[in-house]
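So the chains spell out like this:
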Amino acid sequence: MRQRRRVAKAPVAVDFWPFGGMILMAATFFLYAVSGIVAPGWAVALLLVVWFVAFARACTWWSTHPRLISLLAVGLVALWFAVLVAGGVWLDWSA
């Protein structure tokens, strides 16, 4: 019986973008979760719903659009900042 040689395949390069994007998503989760210091409970709940929807979208983009995950996370930080500043100015949210 003749044995076949196994040809070693070249290692596949791993792209950092999806991992970096998910690290940023985790960081934004902590921002959203501690917003209760300034924002009322209903606003924090709404922010967390937005975050979970964005996280689900980021999971679907893992293979197809890995660079967009980082942009989504940066957009979530901008949204968080805008909501808390607007709430502080117009709705008198304070710590």
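Our structure's up above, just so we're on the same page.
Residues numbered from 1 in each chain as written. Predicted model: local features only at pLDDT ≥ 70, side-chain atom pairs only at ≥ 80, totals over all residues. Heavy atoms only, no water.

(A) How the structure looks around the nonpolar core. Formed by 18 residues in total, the largest nonpolar core has its most connected members in Met-25, Tyr-32, Ala-39, Ala-58, Leu-72 and Leu-76. Elements that contribute at least two residues to this core include exactly helix H1 (17–33), helix H2 (41–60) and helix H3 (66–90). Setting aside residues up to four positions removed in sequence, Met-25 forms contacts with Trp-51, Ala-54, Phe-55, Ala-58, Ile-69, Leu-72, Ala-73 and Leu-76. (Core = buried A, V, L, I, M, F, W, Y, C linked by side-chain atoms within 4.5 Å. Buried < 20%, exposed > 50% of the residue type's maximum accessible area, 1.4 Å probe, protein only. Helix = DSSP H or I, 4+ residues; strand = E, 2+ residues; numbered from the N terminus. Contact = heavy atoms within 4.5 Å.)

(B) Region of interest: H2. The first and last C-alpha atoms of H2 sit 29 Å apart over 20 residues, in line with the 28 Å expected at 1.5 Å per residue. Residues of H2 that are buried include every one of Ala-43, Val-44, Leu-47, Trp-51, Ala-54 and Ala-58, and no others. Taken down its axis, H2 places every buried residue within 90° of arc, on the same side. Those residues of H2 that are exposed and angled more than 90 degrees off the buried face are Gly-41, Trp-42, Leu-46 and Val-53. For H2, the secondary structure elements touched by its buried residues are H1 and H3. (Expected span 1.5 Å × (residues − 1). Arc of directions from axis to C-beta.)

(C) A look at the packing of H2 against H3. One can describe the packing of H2 onto H3 by two numbers: an axis separation of 10 Å at closest approach and a directional angle of 170°. Between H2 and H3, the interaxial angle falls into the category roughly antiparallel. Listed contacts from H3 to Leu-47, Val-50, Trp-51, Ala-54 and Ala-58 of H2 are Ile-69, Leu-72, Leu-76, Leu-79, Trp-80 and Val-83. Class assignment of the residues belonging to the contact of H2 with H3 gives a composition of 11 nonpolar, no polar and no charged. (Axes fitted to C-alpha atoms, helices over the stretch in contact; angles between N-to-C directions. Parallel < 35°, antiparallel > 145°, perpendicular 65-115°, else oblique. Nonpolar A, V, L, I, M, F, W, Y, C, P; charged D, E, K, R; others polar.)

Remember, this is a structural readout, not a statement about activity or role.
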